[in-house]
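# Structural characterization, general
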Amino acid sequence: MELKVTTLEGKAAGSVQLSDEIFGLEPRKDIIQRCVQWQLNKRQAGTHKAQGRADVWRTGKKMYKQKGTGGARHGSARVPQFRGGGRAFGPVVRSHATDLPKKVRALALKHALSAKAKDGGLIVIESATLEAAKTKVLIGHFSGLGLTNALIIDGAQVHDGFAIAARNIPNIDVLPVQGINVYDILRRQKLVLTRAALDALEARFK
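What counts and what doesn't
Residues numbered from 1 in each chain as written. Predicted model: local features only at pLDDT ≥ 70, side-chain atom pairs only at ≥ 80, totals over all residues. Heavy atoms only, no water. Helix = DSSP H or I, 4+ residues; strand = E, 2+ residues; numbered from the N terminus. Expected span 1.5 Å × (residues − 1). Buried < 20%, exposed > 50% of the residue type's maximum accessible area, 1.4 Å probe, protein only. Contact = heavy atoms within 4.5 Å. Pairing = 2+ DSSP bridges. Axes fitted to C-alpha atoms, helices over the stretch in contact; angles between N-to-C directions. Right-handed = clockwise from strand over helix to strand, strands pointing away.

### Here's the deal with helix α2 (residues 29-43)
- End to end, α2 covers 21 Å across 15 residues, agreeing with the expected 21 Å (1.5 Å per residue, within 8%).
- Among the residues making up α2, those that are buried are Ile31, Ile32, Cys35, Val36, Trp38, Gln39 and Asn41.
- Buried residues belonging to α2 abut α3 (102-119) and α6 (182-187).

Next up, the structure:
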């Protein structure tokens, strides 16, 4: 698959040949969905916690005698049926992470990239560098490219001026190539790759 390369200013900068093994697959929704669910499960905090019977500080003395009161038999005041007692079967701190094989994760990334290429949501630019870290200048460049909702992937390191200028723009994400992931690709309308990012992806999936 051949795709035209443009500069940040919107000028033509040649073309690039995309690998069919990475960008030419027929997207499988089931594999992509498994990877997205794995990502969302992994990032869920799981820090919710309720006080159980063992966590509540109340006296352990028997409330009243066992027999002769005409009421139900009770011992500790920490039990859930009393006001101020611990909660029964409440949430505890835990991890929500699930397992997904590394090969399935890699395959899901290929299918997500192929889905963007198939839908026409893939753009290749020469480089993502900005001399003056000015948000207004970068917004002008994005307007020329038609970018209002995009994920921009650079090489091993994102240019400081570009990252600073882009961080205040809503619906624009900038990541190094190591941070590329299925969820962020799908949640943005456009995927913008630099030449350095393309080279790194092809080297990664060799």
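### Side note on the sheet that holds strand β5 (residues 172-175)
- Here we have six strands laid out as an open sheet, ordered β2-β1-β3-β6-β4-β5, and mixed in their pairing. What marks the edges here is a single partner per strand, and that holds for β2 (12-17) and β5. Here the strands of the sheet are splayed against their neighbours by 30° on average, with no regard to which way each runs.
- With four bridges joining them, strand β1 (residues 2-6) and β2 adopt antiparallel strand pairing. Residue pairing across strands places Lys4 opposite Ser15, the latter belonging to β2.
- Against the sheet, helix α7 (residues 195-204) touches β1, β2, β3 (122-125), β4 (150-153) and β6 (190-194), its axis set at about 90° to β6.

### Some points on the side chain of His141
- Counting through the fold element by element, His141 comes out in helix α4 (residues 135-145).
- What makes His141 buried here is its relative accessible area of 18%.

### A closer look at the pairing of β5
- Pairing of β4 with β5 involves four bridges; the strand directions are parallel. Of the residues in β5, the one forming a bridge with Ile153 is Leu175.
- Read as a crossover between parallel neighbours, the route from β4 over helix α5 (residues 160-166) to β5 is right-handed.

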